[in-house]
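Below are the chains, spelled out letter by letter.
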Amino acid sequence: LLLLVVLQLILLLLFSLFNIKQLWSASLDIGDRGTETLDRWEADMILLKESLPVNRGVVGYISEEDVAGLEYGYWDNETEFLLTQYALAPLIFKKGLSAEWNVVVLKNEDLLKWLTANPGTYEIVKIKSKFHILHNLGNQ
């Protein structure tokens, strides 16, 4: 009986060590991938900042959560919103079409859906991939 208990403890220890090694191996390049992603986001934000004609004030922020029926990851969307606020400070971002100038983080087909659901007079400047600036001409 004692031998069985010792054998079970040894197996449990080996299993635990194996799992620790797996988790450690899997986490080795997470920091590098996160850094690369943040660097790309910041580079895209620099392009937006250079293209926005305002340096201070309120800017709208239109994203996947503003398109009815579009599936999105809530925390991914919130993270992008916070990163945008940080990168483009001192601009103040408000979600939705809430200002004359708006940053849009949507793929082209999702932007078309948003435009269909929100008719108005807009000038849209494509910056890069899913990044656009939307000038709401109805506010002039």
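Predicted, not measured: the structure shown is a model, and the values here were computed from it.

K.L.:
Any chance you could explain the pattern of salt bridges here in plain terms?
P.N.:
As a working rule, side chains carrying opposite charge can pair if their charged atoms are close by. On inspection of all chains with the given rule, the structure shows five salt bridges. The closest approach of N and O atoms between Glu-65 and Lys-95, which form a salt bridge, is 3.2 Å. Residue Glu-65 is found in the loop between β1 (58-62) and α3 (74-87), and its partner Lys-95 is found in strand β2 (residues 92-95); the two are separated by 30 residues along the sequence. Taking the relative accessible area as the measure of exposure, Glu-65 reaches 30% and is therefore partly exposed. Residue Lys-95 is classed as partly exposed on the basis of its relative accessible area, which comes to 32%. Salt bridges sharing partners connect three or more residues here, namely Glu-65, Glu-78 and Lys-95.

K.L.:
Explain the environment of Val-104 to me, please; I cannot follow it from the model alone.
P.N.:
Tracing the backbone through its elements, the reader meets Val-104 in strand β3 (residues 101-105). Taking the relative accessible area as the measure of exposure, Val-104 reaches 1% and is therefore buried. As a C-alpha pair, Val-104 and Glu-42 span 62 residues in sequence and 15 Å in three-dimensional space. Those residues within four positions of Val-104 in sequence are excluded, and the remaining contacts are Ile-62, Leu-111, Lys-130, Phe-131, His-132 and Leu-134.

K.L.:
What should I look at first to understand the sheet that holds β1 in this one?
P.N.:
Pairing between sheet strands relies on hydrogen bonds along the backbone, with the strands arranged either parallel or antiparallel. One open sheet accounts for five strands, arranged β2-β1-β3-β5-β4; its pairing is mixed. Each edge of the open sheet is held by one strand with a lone partner, namely β2 and β4 (122-128). This sheet shows a mean twist of 30° between the axes of neighbouring strands, independent of strand direction. Direction of pairing for β3 relative to strand β5 (residues 131-136): antiparallel, over a ladder of five bridges. By the bridge assignment, Val-103 is partnered in β5 with Ile-133. Along the sheet face, α3 touches β1, β2 and β3 and points at about 155° away from the line of β2. Lying on the sheet, helix α4 (residues 108-117) is in contact with β1, β3, β4 and β5; it crosses β4 at an angle near 165°.

What counts, and at which threshold
- Every chain is numbered independently, its residues counted from 1 as its sequence is written.
- Whole-chain, interface and lining totals are the exception, using all residues; otherwise, since this is a predicted model, local features are given only for residues with pLDDT of at least 70 and side-chain atom pairs are given and counted only at 80 or more.
- Hydrogen atoms and water are omitted, and side-chain values are computed over all heavy atoms in the structure.
- By definition, a salt bridge exists where a carboxyl oxygen of Asp or Glu is found within 4 Å of a side-chain nitrogen of Lys or Arg.
- The helix count covers DSSP runs of H or I at least four residues long, the strand count covers runs of E at least two residues long, and both are numbered beginning at the N terminus.
- Throughout this description, buried means an accessible area under 20% of the type-specific maximum (1.4 Å probe, protein chains only), exposed means over 50%, and partly exposed covers the range between.
- Two residues form a contact once any of their heavy atoms are found within 4.5 Å.
- For two strands to pair, DSSP has to find at least two bridges joining them.
- Here the axes come from fitting lines to C-alpha atoms, over the contacting stretch only for helices, and the angles between their N-to-C directions go from 0 to 180 degrees.

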